[in-house]
Amino acid sequence: MTYGPDAVAHDAEGRTVFVSGAVAGDRVRAVIDREEERWSHARACELLEASPDRVAPACPYVGACGGCPWGALSRDAQARAKRGSVVDALSRIGRMGDERAEVLVAPLVCPSEPWGYRNKVELAVSSEGGRTALGMHAAGGTGVVRVKSCRLLDKAHTGAVKSVAGALSYLAGRHPIELERVGIRVSRRTGEVEVALWDRPGAFPRAQAARVLADALRPTSVVRVMQKGPAKARRIAGVECLSGFGSWSELVGRERMRVSAPSFFQVNTLGAEKLVELVMEALSPAEDEEAMDLYCGAGTFTLPLARRAGFVSAVESYGPAVRDLRRNLEEAGVDNVDPIGGDAGREFPDTDADVIVVDPPRAGLAADVVSRLSAQPARAIAYVSCDPATLARDLARFEEAGAFSPVRVTPVDLFPQTYHVETVTLLERRPSSA
């Protein structure tokens, strides 16, 4: 399997062919749908011989819906492939070599069940012939697949997708609305359900939207998120509460997190708890130590750090998340945190930290942030990553700087049925640089 939805094959000339709809070990008949100089892409159209790792998908929409690209691959095979992708990235991109990478990477940690683990799904929206359709994003990235339920969503809320899609399709048939996407967040622990309607500024049937969703789902919050700008550079123009709390909350360990619709939050609650556990175990912050939390979001790591360390400098660039962070700190009664709004490079804390957490987006750390972190006197850094390639690149940069080296990389399966893998890396100060 690739670090992606496809399996890898080779043609008669030895060129690589990425095959969608197949799993490693399958023998399939496939049709080439894209050719490049050194590789091709194909779509499996007939299964001739099944792989030993192929399983009957638990969801009938696997293959049509894009949410479960590995839904036909066994859990053990997924685990091997995910750990293997981390080892491969460290070996090749991080220039560590196979032997060292194998030693560094721990076994994959699986904190949740393989299905029903998500607290959030997003619905795609399409309009054809004056009719609006809502459903899951189709495999391949274009189109909408209408579904009766989503097996990835928390088991107590599997029917929420159909209820919301039906309600909003009904609304669109009676009022002019141009939704771009719809988010659904659910929590079994708090009982809260939020529906977020993403669109452009302008007239909107607010009361009617709240009413049809209340009849269909009884959500605790309905919000409208308005965006401006081109598709690749959207920015939030405003958030309106149409009914309920206006935000969504979840319990992560002992901490209650309240998150607004635009803010990022891990879609796997059990997985988020495991990440916190791994980070705290790796750093073991003490009461007399100072901590730093970069790319802190709404405070998933900030709050537990604040309970253990003497002081925390928390940096986040995204405005809605900064507001959520400040609210969560206030509601938790935590007063030993300095929440800093801004880019981690430009607003790097003017302090000497003993322990540091970084949880950057998929693009990883900017080179100047690696340099500034390497200049810190900290004894340890916990790097939480959602992309093995950028993690490997950044670890190589840390080693080039000479202050910190990775001592353990723990892959965590936050996203079963997909190729994505989260990692928690512990970097410790080299003795010679202390």
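These notes cover the structure that comes with them. (Residues numbered from 1 in each chain as written. Predicted model: local features only at pLDDT ≥ 70, side-chain atom pairs only at ≥ 80, totals over all residues. Heavy atoms only, no water.)

One pass over the structure, following the stated rule, counts 30 salt bridges. Note that Arg 75 and Asp 413 form a salt bridge whose closest N and O atoms lie 3.7 Å from each other. With Arg 75 in helix 1 (residues 75-92) and Asp 413 in the loop between strand 19 (404-412) and strand 20 (422-429), the pair connects residues that are 338 residues apart, well separated along the chain. Taken together, the shared-partner salt bridges connect Asp 199, Arg 206, Arg 224 and Glu 240 into one network. (Salt bridge = Lys/Arg side-chain N within 4 Å of Asp/Glu carboxyl O. Helix = DSSP H or I, 4+ residues; strand = E, 2+ residues; numbered from the N terminus.)

Here we come to helix 3 (residues 160-172). Its 13 residues give helix 3 an end-to-end C-alpha distance of 18 Å, which sits within 8% of 18 Å, the value for a rise of 1.5 Å per residue. Against the buried residues of helix 3 lie strand 5 (120-128), strand 6 (131-137), strand 8 (181-186), strand 9 (193-199) and helix 4 (206-217). (Expected span 1.5 Å × (residues − 1). Contact = heavy atoms within 4.5 Å.)

In spatial order, the strands read 16-15-14-17-18-20-19; together these seven strands make up an open sheet with mixed pairing. At either margin of the open sheet sits one strand with a lone partner, and together these are strand 16 (337-341) and strand 19. Averaged over all pairs of adjacent strands, the angle between strand axes in this sheet comes to 15°, irrespective of strand direction. Relative to strand 16, strand 15 (residues 311-316) runs parallel, the two sharing five bridges. Each residue of the ladder has a partner; that of Ser 313, found in strand 16, is Asp 338. (Pairing = 2+ DSSP bridges. Axes fitted to C-alpha atoms, helices over the stretch in contact; angles between N-to-C directions.)

If you trace the backbone, Val 315 turns up in strand 15. The sequence separation of Val 315 and Leu 197 amounts to 118 residues, and the corresponding C-alpha distance is 28 Å. When neighbours within four sequence positions are excluded, Val 315 is seen to be in contact with Asp 293, Leu 294, Tyr 295, Cys 296, Ile 340, Gly 342, Asp 343, Ala 344, Glu 347 and Pro 349.

Moving on: unusual backbone geometry. You will see that Arg 95, though not glycine, has its phi angle at about 55°, which is positive. Position of Arg 95 relative to the elements: it lies in the loop between helix 1 and helix 2 (97-104). For Arg 95, a relative accessible area of 58% puts it in the exposed group. At Tyr 295, a position not held by glycine, the phi torsion is positive, near 60°. The class for Tyr 295 is buried, based on a relative accessible area of 18%. (Buried < 20%, exposed > 50% of the residue type's maximum accessible area, 1.4 Å probe, protein only.)

Before going further, it helps to spend a moment on the sheet that holds strand 8. One key point about sheets: their strands pair by backbone hydrogen bonds, in either a parallel or an antiparallel sense. Strand order in the open sheet formed by seven strands is 7-6-5-8-9-10-11, with mixed pairing between adjacent strands. Two strands bound the open sheet, and with one partner strand each, they are strand 7 (144-145) and strand 11 (235-244). Of the strand pairs in this sheet, strand 9 and strand 10 (residues 221-228) are connected by six bridges, and their pairing is parallel. Counted as the bridge partner of Val 195 is Val 222 from strand 10. Docked against the sheet, helix 3 engages strand 5, strand 6, strand 8 and strand 9, running at close to 160° with respect to strand 6.

This structure, assessed with the given rule, holds zero disulfides. Distance from the sulfur of Cys 150, which forms no disulfide, to the nearest cysteine sulfur (Cys 68) is 6.4 Å. Summary of cysteine pairing: Cys 296 is not part of a disulfide, and the nearest cysteine sulfur, belonging to Cys 386, is at 16 Å. On the basis of relative accessible area, Cys 296 is assigned to the buried category, the value being 5%. (Disulfide = S-S within 2.5 Å.)

As a further point, take helix 7 (residues 319-332). For helix 7, with 14 residues, the first-to-last C-alpha span of 20 Å sits near the 20 Å given by 1.5 Å per residue. Of the residues making up helix 7, those classed as buried are Pro 320, Ala 321, Val 322, Asp 324, Leu 325, Asn 328 and Leu 329. Elements in contact with the buried residues of helix 7: strand 13 (255-259), helix 6 (302-308), strand 15 and strand 16. Backbone geometry just after helix 7 places Gly 333 at a positive phi near 70°.

What follows deals with the packing of aromatic side chains. As enumerated under the stated definition, the model contains four aromatic pairs in all. Between Phe 18 and Trp 39, the aromatic rings sit 5.7 Å apart at their centres with planes inclined by 70°, giving edge-to-face as the arrangement. Residue Phe 18 is found in strand 2 (residues 16-20), and its partner Trp 39 is found in strand 4 (residues 39-49); the two are separated by 21 residues along the sequence. For Phe 18, a relative accessible area of 25% puts it in the partly exposed group. With centroids separated by 6.5 Å and ring planes inclined at 85°, the aromatic side chains of Phe 398 and Phe 404 adopt a geometry described as edge-to-face. Note on Phe 398: relative accessible area 0%, which makes it buried. Over the ring of Phe 245 we find Arg 258, and its NZ or CZ is 5.3 Å from the ring centre. (Phe/Tyr/Trp six-rings, centres within 6.5 Å; stacked < 30°, edge-to-face > 60°. Lys NZ or Arg CZ within 6 Å of the ring centre and 35° of its normal.)

Another point: the packing of helix 3 against helix 4. Running from N to C, helix 3 and helix 4 point in directions that differ by 145°, and their axes come no closer than 9 Å. Crossing of helix 3 against helix 4: the hand is right-handed. Here helix 3 contributes Ala 160, Ser 163, Val 164, Ala 167, Leu 168, Tyr 170 and Leu 171 to the contact with helix 4, which in turn contributes Gln 208, Ala 209, Val 212, Leu 213, Ala 216 and Leu 217. (Left-handed = near helix turned anticlockwise from the far one by under 90°.)

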